[in-house]
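One letter stands for each residue in the lines below.
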Amino acid sequence: MSGARLGWRLPRVFAHRCGGALAPENTLAGLRIAARLGITAVEFDVMLSADGSPWLLHDETLERTTDAIGRVRDASDARLRHLDAGVRRHPAFAGEGVPTMAAAAAACRQLGLHANVEIKPAAGCEELTGSVVARQVEALWSGTGQPPLVSSFSEAALLAARAVAPTLPLGCLFERVPADWRTRLHRLGALTLHCDAALVDDDVLAEARACGVPVLCYTVNDPLLASDLFARGVAAVFTDRIDLIAGVARGHS
């Protein structure tokens, strides 16, 4: 992909959920660890609070990744601000908070990290989440010259994002790529195609290559699989094992 289309050169490796397996997911600690290891791009998930603010959370409920229970969409900003997002990962990370998207954007700018912001709408909040995230992404990264790639499994969220941010780089997320993927990308004005690494096939890769559409695969933690995907024409991978996959990517640059 040309830098003119995305705003920056597409890297080979994205740290999955900020820092992969080396940090609590979707935290500023993960961003710092990724940068320390020389990773230049990160992916994180964004969901809205009860106040309509975007926070870095993957699940619709809080219990897997924080010290609280309940639905994210029912949690106020004030409540989220006091949660611990690190202690469940390891005692060494106790006290690590749940970041707002604004805090993550500031950290990415400070650390020189490119970002893939994945819109994670709670059920029934697809359009609202897409529009709020898109507006804030444009504001938070304004003037940087490296706007994030914004992706989602929800086409409704992506359509809402496109409506409020006509020039925002978008990526379509699938598990298995559907036969009509080109039509869907065209309708959204999306630039990239994302899918499960175990389900990508060579026909899709050939078609995407002919159309100039980069294919990005998740979640790739095996160096041999990463090498094979790069050799087959996959443009980039999302990985939890940034310590293992970065070296493979350099060999295929």
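Residues numbered from 1 in each chain as written. Predicted model: local features only at pLDDT ≥ 70, side-chain atom pairs only at ≥ 80, totals over all residues. Heavy atoms only, no water.

Some details on the nonpolar core
Of all hydrophobic cores here, the largest spans 59 residues; its most connected members are Val42, Phe44, Met101, Val117, Leu193 and Cys217. Here Cys217 is in contact with Cys195, Ala197, Val200, Leu229, Val234, Ala236, Val237 and Phe238, once residues within four sequence places are set aside. Counting residues in each nonpolar core, the second largest holds twelve residues, with Trp8, Phe14, Leu149 and Ala235 among its members. (Core = buried A, V, L, I, M, F, W, Y, C linked by side-chain atoms within 4.5 Å. Buried < 20%, exposed > 50% of the residue type's maximum accessible area, 1.4 Å probe, protein only. Contact = heavy atoms within 4.5 Å.)

Details of the packing of aromatic side chains
Overall, the coordinates contain three aromatic pairs when judged by the stated rule. The structure contains a cluster of three or more aromatic residues connected by ring pairs, namely Trp8, Phe14 and Phe238. (Phe/Tyr/Trp six-rings, centres within 6.5 Å; stacked < 30°, edge-to-face > 60°.)

Description of the state of the cysteines
If you walk through the whole model with that rule in mind, you get zero disulfides. As a non-bridged cysteine, Cys18 has Cys108 as the owner of its nearest cysteine sulfur, 7.1 Å distant. The closest cysteine sulfur to the non-disulfide-bonded Cys211 is located on Cys172, 13 Å from its own sulfur. What makes Cys211 partly exposed here is its relative accessible area of 33%. (Disulfide = S-S within 2.5 Å.)

Things to note about the side chain of Asp45
Relative to the assigned elements, Asp45 resides in strand E2 (residues 41-48). For Asp45, a relative accessible area of 0% gives the class buried. Ignoring any residue separated from it by four or fewer positions in sequence, one finds Asp45 in contact with Arg17, Asn26, Trp55, Leu56, Leu57, His58, Glu118 and Lys120. (Helix = DSSP H or I, 4+ residues; strand = E, 2+ residues; numbered from the N terminus.)

Re the pairing of strand E6 (residues 170-173)
Of the two faces of E6, the one carrying Leu170 and Cys172 and the one carrying Gly171 and Leu173 are both buried. Sheet analysis places strand E5 (residues 149-152) next to E6, joined by three bridges and oriented parallel. When the bridges of E6 are listed, Ser151 appears paired with Gly171. A crossover connection joins E5 to the parallel E6 through helix H6 (residues 155-164); in handedness this β-α-β unit is right-handed. Examined bridge by bridge, E6 and strand E7 (residues 192-196) share three bridges and lie parallel to one another. Paired with Gly171 across the two strands is Thr192, which belongs to E7. At this point the chain moves from E6, through helix H7 (residues 181-188), to the parallel E7, and the crossover so formed is right-handed. (Pairing = 2+ DSSP bridges. Right-handed = clockwise from strand over helix to strand, strands pointing away.)

A word on empty space enclosed by the protein
For the structure on display, the rule yields one cavity of 30 Å³ or more. Each pocket or cavity is described by its volume, and for the largest cavity that value is around 50 Å³. If you go around the largest cavity, the residues you meet are Glu25, Asn26, Leu56, Leu57, His58, Thr65, Thr66, Ala85, Val98 and Pro99. Residues of the lining of the largest cavity, tallied by class, amount to five nonpolar, four polar and one charged. (1 Å grid on protein atoms, 1.4 Å probe; cavity = no way out; pocket = protein on both sides within 12 Å on 5 of 7 lines; lining within 4 Å. Points joined across faces, edges and corners; volume = space filled by probe spheres on them. Nonpolar A, V, L, I, M, F, W, Y, C, P; charged D, E, K, R; others polar.)

Side note on the layout of surface pockets
Size it by volume and the second largest pocket reaches roughly 200 Å³. Lining the second largest pocket are 13 residues, with Arg209, Val213, Pro214, Gly233 and Ala235 positioned closest to its centre. The element contributing the most residues to the lining of the second largest pocket is helix H8 (residues 202-211), with three residues. In terms of residue class, the lining of the second largest pocket is made up of nine nonpolar, two polar and two charged.

Here's the deal with the pairing of E5
On E5, burial covers both faces: Leu149 and Ser151 on one face and Val150 and Ser152 on the other are all buried. In this sheet, E5 lies alongside strand E4 (residues 114-119) in parallel orientation, the contact comprising three bridges. Of the residues in E5, the one forming a bridge with Val117 is Val150. Handedness of the crossover joining E4 and E5 through helix H5 (residues 126-140) is recorded here as right-handed.

Things to note about the packing of helix H2 (residues 28-36) against helix H4 (residues 101-111)
How two helices pack is summed up by the angle between their axes together with the distance between the axes. Where H2 contacts H4, the axes come no closer than 10 Å and their chain directions differ by 15 degrees. Overall, the two elements H2 and H4 adopt an arrangement that is roughly parallel. In this structure, H2 crosses over H4, and the sense of that crossing is right-handed. Residues Leu28, Leu31, Arg32 and Ala35 of H2 lie in contact with H4, whose contacting residues are Ala103, Ala104, Ala107, Cys108 and Leu111. When its residues are assigned to classes, the contact of H2 with H4 shows eight nonpolar, no polar and one charged. (Axes fitted to C-alpha atoms, helices over the stretch in contact; angles between N-to-C directions. Parallel < 35°, antiparallel > 145°, perpendicular 65-115°, else oblique. Left-handed = near helix turned anticlockwise from the far one by under 90°.)

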